[in-house]
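Given next are the chains, with one letter for each unit.
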Amino acid sequence: MTHSDHYVQIAGGHHVYFGAPHLTTFTARGLAQQLSQINRYNGCAGTAINVASHSLDVARLLKLWRAPAATQLLGLLHDAHEAVIGDITKPLRQALKADGCTLIERLSDRIDVAVRASFNLERFATVPALADVARADNSVFAAEWRDWMQGPSPVPDLTPAPFRIRPLPQARAEQVFLTSFEKLVVEACAGVPTGLIK
């Protein structure tokens, strides 16, 4: 069995093969369901912070920065790979990278490309747009740590988002994630292609 044969099941019963995630068609409804049920920080924050709620805050910060709707949409989907590989904490990612292990980063990137392709969004994923998303992600991380974690941040030089983090409960996060996706697709793409929202 090669790494291409290994797969996980995602919402809707679809399989994602690690060696070929582009063969999977991801859905907004499936991503909303899964990301709203995955907690950040290994569940040790002062409250449950699910990935969908975090992603909504990233999109919110990008809107505050007056980023285009397409960039806000990329922000909403920036952790979509976690529907496949789960939430891996920032310190662990950094430790793996420092040890020369880039598998997680490569898998994450490959899955994110497949997710964007599912929604025909790859044309929006420019280097500047992705850089803005990464900056917003870091700012929301810093705000989450400020509001819900204890002790100094493992990444101390980040500027927190200028709003308090109020995580949404699972069902609400799922609903708002899907509604936000639909709204941003309309704004970014000036219309929803047939079958995009499912």
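Further up the page is the structure itself.
Predicted, not measured: the structure shown is a model, and the values here were computed from it. (Residues numbered from 1 in each chain as written. Predicted model: local features only at pLDDT ≥ 70, side-chain atom pairs only at ≥ 80, totals over all residues. Heavy atoms only, no water.)

Trainee: Looking at this model, I keep getting lost on the overall build of the chain. Mind explaining?
Mentor: A tally of regular secondary structure across the chain gives 8 helices and 2 strands. Ordered by position from the N terminus, the helices and strands of the chain form the series β-β-α-α-α-α-α-α-α-α. Whereas a compact globule of 198 residues would reach a radius of gyration of roughly 16 Å, the chain reaches 16 Å, a difference of no more than 12%. Accessible area for the chain stands at about 10000 Å²; split by element, carbon and sulfur atoms hold 54% of it. Of the side chains in the chain, 19 bear a positive and 18 a negative charge, and the two mean positions are spaced by 6 Å. (Helix = DSSP H or I, 4+ residues; strand = E, 2+ residues; numbered from the N terminus. Rg over C-alpha atoms; globule rule 2.2 N^0.38 Å. Areas by Shrake-Rupley, 256 points an atom, 1.4 Å probe, with all protein chains shown as cover. Lys, Arg positive; Asp, Glu negative; His and termini not counted. Charge placed at Lys NZ, Arg CZ, Asp CG, Glu CD.)

Trainee: Mind showing me how you'd approach the packing of helix α2 (residues 51–64) against helix α3 (residues 69–76) here?
Mentor: Packed helix pairs are characterised by how far apart their axes lie and by the angle those axes make with each other. The contact between α2 and α3 brings their axes to 7 Å, and the two run at 160°. In terms of orientation, α2 lies roughly antiparallel with respect to α3. Two packed elements cross with a definite hand, and for α2 against α3 that hand is right-handed. The segment α2 lies against α3, with Ser 55, Leu 56, Val 58, Ala 59, Leu 62 and Lys 63 engaging Thr 71, Gln 72, Gly 75 and Leu 76. Class assignment of the residues belonging to the contact of α2 with α3 gives a composition of 5 nonpolar, 4 polar and 1 charged. (Axes fitted to C-alpha atoms, helices over the stretch in contact; angles between N-to-C directions. Parallel < 35°, antiparallel > 145°, perpendicular 65-115°, else oblique. Left-handed = near helix turned anticlockwise from the far one by under 90°. Contact = heavy atoms within 4.5 Å. Nonpolar A, V, L, I, M, F, W, Y, C, P; charged D, E, K, R; others polar.)

Trainee: Just to check I follow, could you spell out unusual backbone geometry for this structure?
Mentor: Note: most peptide bonds trans; most residues except glycine with negative phi. Positive phi, normally seen in glycine, also occurs at Asn 42, with a value near 55°. Along the chain, Asn 42 falls in the loop between α1 (28–35) and α2. For Asn 42, a relative accessible area of 66% corresponds to the exposed category. Positive phi values are uncommon outside glycine, yet Asn 120 reaches one of about 55°. (Buried < 20%, exposed > 50% of the residue type's maximum accessible area, 1.4 Å probe, protein only.)

Trainee: Help me understand helix α6 (residues 103–118), please; the structure alone is not making it clear to me.
Mentor: Because the α-helix completes a turn every 3.6 residues, residues three or four places apart line up on one side. End to end, α6 covers 22 Å across 16 residues, agreeing with the expected 22 Å (1.5 Å per residue, within 8%). Of the residues making up α6, those classed as buried are Ile 104, Leu 107, Ser 108, Ile 111, Asp 112, Ala 114, Val 115 and Arg 116. For α6, the secondary structure elements touched by its buried residues are α1, α3, α4 (82–85), α5 (90–98) and α7 (127–148). Two residues or fewer past α6, Asn 120 is found with a positive phi of approximately 55°. (Expected span 1.5 Å × (residues − 1).)

Trainee: Sorry, what's going on with the pattern of salt bridges here?
Mentor: Side chains that differ in sign of charge can pair as their charged atoms come close. If you walk through the whole model with that rule in mind, you get 9 salt bridges. The closest approach of N and O atoms between Glu 122 and Arg 116, which form a salt bridge, is 2.9 Å. Residues Arg 164 and Asp 147 are paired through a salt bridge, measuring 3.5 Å at the closest nitrogen-oxygen approach. Residue Arg 164 is located in the loop between α7 and α8 (170–189), and its partner Asp 147 is located in helix α7; the two are separated by 17 residues in the primary sequence. (Salt bridge = Lys/Arg side-chain N within 4 Å of Asp/Glu carboxyl O.)

Trainee: I keep staring at the packing of aromatic side chains and nothing clicks. Help me out?
Mentor: Here the distance between the centres and the angle between the planes together describe a pair of aromatic rings. Scanning the entire structure with this criterion turns up 5 aromatic pairs. Ring centres 5.2 Å apart and planes at 50° place the aromatic pair Tyr 7 and Tyr 17 in the tilted group. Of this pair, Tyr 7 sits in strand β1 (residues 7–9) while Tyr 17 sits in strand β2 (residues 15–17); the two residues are 10 residues apart in sequence, bridging distant segments of the chain. We classify Tyr 7 as partly exposed; its relative accessible area is 41%. (Phe/Tyr/Trp six-rings, centres within 6.5 Å; stacked < 30°, edge-to-face > 60°.)

Trainee: Help me understand α7 in this model?
Mentor: Look at α7: 31 Å from first C-alpha to last across 22 residues, which is about the 32 Å you get at 1.5 Å a residue. Taken together, the buried positions of α7 are occupied by Ala 129, Val 133, Ala 136, Asp 137, Ser 139, Val 140, Phe 141, Ala 142, Ala 143, Glu 144, Trp 145 and Asp 147.

Trainee: Sorry if this is basic, but what is going on with the nonpolar core here?
Mentor: Across soluble globular proteins, nonpolar side chains show a tendency to be buried alongside one another. Phe 26, Leu 31 and Leu 73 are the most contacted members of the largest nonpolar core, which has 48 residues in total. Looking at this core, the elements that each hand over two or more residues are α1, α2, α3, α4, α6, α7 and α8. No other element matches α8, which puts 8 residues into this core. Setting aside its immediate chain neighbours within four residues, Leu 31 contacts Phe 26, Ser 36, Leu 77, Ala 80, Ala 83, Val 115, Phe 119 and Phe 177. The next biggest cluster of nonpolar side chains, apart from the first, holds 7 residues, and it includes Ala 45, Ile 49, Met 149 and Val 155. (Core = buried A, V, L, I, M, F, W, Y, C linked by side-chain atoms within 4.5 Å.)

Just distances and angles here, no functional claims.
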